[in-house]
Amino acid sequence: MSRPKPEPVQQVKQRRDGALRALVDGVPYARFLGIQFDRRGDELTAILPFDDKLIGNPMLPALHGGATSAFLEVTAIIELSWAFLWEDIEAGRIDLDQLDPMSLPRLPKTIDFTVDFLRSGLPRDAYARARVNRSGRRYASVHVEAWQDNRTKLFAQATGHFLMPPRDSDG
């Protein structure tokens, strides 16, 4: 018996990118801020492209703290959701051809979110990565770091706790 021929890698990549796009499109505020995600395998980097509407203090000029906080929180929520979505995609539990924002799993709900502003955000693109510290059936803890020109010089970091949505397997 012969094995089925593996799917072309470009098709797999396009479907995974489509799943991530659907996930991000399901967060209207992420679209408003212009947040994008770069995916390399299961690793995500959030990108906040600079826009004048993100400036809070035009005298400096510096990114608005609310825009920075929202960027970090969206990064945490998408990272958490992507981890579960990726697992379901790889296990074949989600049909990527039928995926749209309405058929995605519910997003985690923020319990609390603490932001440390380490320096002013400059009027340029910002990047962030989130690390899930703990993820259980009901609760998750996530740490997020944001930088601009130099990955080692963070301008903000945050820690958040989230209520996880029930999974189909939870009954």
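Notes on the structure in this doc start here.

About the thresholds
- Residues numbered from 1 in each chain as written.
- Predicted model: local features only at pLDDT ≥ 70, side-chain atom pairs only at ≥ 80, totals over all residues.
- Heavy atoms only, no water.
- Helix = DSSP H or I, 4+ residues; strand = E, 2+ residues; numbered from the N terminus.
- Buried < 20%, exposed > 50% of the residue type's maximum accessible area, 1.4 Å probe, protein only.
- Polar contact = N/O pair within 3.5 Å; in protein donor to acceptor, adjacent residues only side chain to side chain.
- Contact = heavy atoms within 4.5 Å.
- Core = buried A, V, L, I, M, F, W, Y, C linked by side-chain atoms within 4.5 Å.

1. Examining the side chain of Q148
- Inspection of the secondary structure puts Q148 in the loop between β7 (139-147) and β8 (154-163).
- Residue Q148 is classed as buried on the basis of its relative accessible area of 8%.
- There is a polar contact of 3.2 Å between the side chain of Q148 and the backbone oxygen of R124.
- Excluding anything up to four places from it in sequence, Q148 contacts L63, S120, G121, L122, R124, D125, A126, Y127 and F155.

2. What about the nonpolar core?
- Ranked by internal contacts, the top residues of the largest apolar core, which has 44 residues, are L20, I35, F37, L72, I78, W82 and L85.
- Going through the elements one at a time, α1 (9-25), α2 (28-33), β2 (43-48), α3 (65-90), β5 (109-117), β6 (126-135), β7 and β8 are the ones with two or more residues in this core.
- Ranked by the residues each element gives to this core, the list is headed by α3, at 13 residues.
- Apart from residues lying up to four places away in sequence, L72 is in contact with F113, V115, A128, V144, E145, A146, A156, Q157 and A158.

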